[in-house]
Amino acid sequence: MKRAVGRLLHRGWAYAKAAGAVSPLSPAGYRFRRLGEGACISFPLGAIFGEAWIEIGDHTLVGERVSISAGMGPGVDLGPGSVVRIGRGCSIGRGSHIVGHQSIDIGDDVFTGPYVYITDQNHVYDDPETPIGRQWPRNNPVSIGSGSWLGAGAIILPGTRLGRQSVVAGGAVVRGEFPDHSVVAGVPARLVRTYSPEEGWHTPPRPGGMPHGPDGGPDAGEPGEPAVRLLASNE
């Protein structure tokens, strides 16, 4: 009896997941500004609102319990343009949050681990006497280049501009501008590896001129060694 009940539960859950997923042909899919061909938002869903200002490209897979929002809450008019744009062929890991208020651009073929947080808005603390949560937040657009990988638990803060084919290590807290083919890690995140046709993968010099490794000390790797070890926490 227990085995039979288990089979029924698993079959029922599989049916619920298939029926509850959002696709371009499902009723919920029509609420989005664009939900591309072959795109899928997995069930169970996270908090999703402001769909009229959200674009998701062709064949992009959004994992379970991913929250995607545009604006402070449902029913707010955010103007004629889109706010959150996710490119084609992306994979957004389960439990991630993409919270847009002004502009979040995620390029094509961007993959994230689970529980990644991306936002273009943060609270300010200009007035030392007013509770921070009651001070008006500040927006700064976010851009993530095509072909990039964001490791598990990475946090992308307002104002981040990450170049193409870049890697963000798991747990990194990222803010600032990074060129194409960057590997960034740490809290706060900094550039620990980069690529050029002449040198291959290499460690950029510190301001004092000495190369540094991912742990902040002298570089222990050989020139051109890929920064694969930064991804170990995500495997």
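Okay, so let's go over this structure.

Scoring rules and cut-offs
- Residues numbered from 1 in each chain as written.
- Predicted model: local features only at pLDDT ≥ 70, side-chain atom pairs only at ≥ 80, totals over all residues.
- Heavy atoms only, no water.
- Helix = DSSP H or I, 4+ residues; strand = E, 2+ residues; numbered from the N terminus.
- Buried < 20%, exposed > 50% of the residue type's maximum accessible area, 1.4 Å probe, protein only.
- Contact = heavy atoms within 4.5 Å.
- Areas by Shrake-Rupley, 256 points an atom, 1.4 Å probe, with all protein chains shown as cover.
- Pairing = 2+ DSSP bridges.
- Polar contact = N/O pair within 3.5 Å; in protein donor to acceptor, adjacent residues only side chain to side chain.
- Patch = residues over 30% accessible without salt bridge, like charges linked within 9 Å, V, L, I, M, F, W, Y side chains within 5 Å.
- Salt bridge = Lys/Arg side-chain N within 4 Å of Asp/Glu carboxyl O.
- Core = buried A, V, L, I, M, F, W, Y, C linked by side-chain atoms within 4.5 Å.

## Observations regarding the overall build of the protein chain
A tally of helices and strands in the protein chain yields one helix and 24 strands. Burial analysis of the protein chain (235 residues in total) assigns 43% to the buried set. Across the protein chain, contacts joining residues at least 24 apart in sequence account for 30% of those joining residues at least 6 apart. For the protein chain, the computed accessible surface area is about 12700 Å², with 57% contributed by carbon and sulfur atoms.

## Here's the deal with the sheet that holds strand β1 (residues 34–35)
Pairing within the open sheet is parallel, and its seven strands lie in the order β1-β4-β7-β10-β15-β18-β21. The outermost strands of the open sheet, each flanked by one partner alone, are β1 and β21 (177–178). In this structure, β1 lies alongside strand β4 (residues 54–56), joined through two bridges in parallel fashion. When the sheet's bridge partners are listed, R34 is paired in β4 with E55.

## Topic: the side chain of T119
Counting through the fold element by element, T119 comes out in strand β12 (residues 117–119). Here Q121 takes part through its backbone nitrogen, which lies 3.2 Å from a polar atom of the side chain of T119.

## Quick look at a nonpolar patch on the surface
A cluster of nonpolar residues, M1, V5 and L9, forms a patch on the protein surface that exposes about 370 Å² of accessible area. Secondary-structure assignment places M1 in the segment before α1 (2–20).

## Topic: the environment of S182
Mapping S182 onto the fold places it in strand β22 (residues 182–185). Using a relative accessible area of 0% as the deciding quantity, one classes S182 as buried. Distance in space between the C-alpha atoms of S182 and Q165 is 7.4 Å, their sequence separation being 17 residues.

## Concerning the nonpolar core
Looking at soluble globular proteins, one finds that nonpolar side chains tend to be buried together. Of all hydrophobic cores here, the largest spans 37 residues; its most connected members are I56, I68, I98, I106, I118 and I144. Elements that contribute at least two residues to this core include exactly β4, β6 (67–70), β7 (84–86), β10 (104–106) and β15 (142–144). With sequence-adjacent residues up to four places away left out, I106 is seen in contact with R85, I86, G87, C90, I98, I118 and I144.

## Structural notes on the sheet that holds β12
On the basis of which strands lie adjacent, the open sheet formed by six strands has the order β3-β6-β9-β12-β17-β20 and parallel pairing. Strands at the two margins of the open sheet, each flanked by one partner only, are β3 (48–49) and β20 (173–174). Sheet analysis places β12 next to strand β17 (residues 155–156), joined by two bridges and oriented parallel. By the bridge assignment for β17, I118 is matched with I156.

## Here we look at unusual backbone geometry
The step from F43 to P44 runs through a cis peptide bond, and the omega angle for that step is 5 degrees. Along the chain, P44 turns up in the loop between β2 (40–41) and β3. Residues other than glycine seldom take positive phi values, yet Y115 does so here, at roughly 60 degrees. On the secondary structure map, Y115 appears in the loop between β11 (111–112) and β12. Residue Y115 is classed as exposed on the basis of its relative accessible area, which comes to 53%. Phi at Q165 takes a positive value of approximately 50 degrees, unusual for a residue other than glycine. The residue Q165 is located in the loop between β18 (161–162) and β19 (167–168) in this model. Judged by relative accessible area, which is 37%, Q165 ranks as partly exposed.

## Observations regarding the environment of F178
Note on placement: F178 falls in strand β21. Spatially, the C-alpha atoms of F178 and T160 are 8.1 Å apart, while their sequence positions differ by 18 residues. Once residues within four sequence positions are removed from consideration, F178 is found in contact with R161, L162, G163, V184, A189, R190 and L191.

All quantities given are derived from atomic positions and should not be read as evidence of function.
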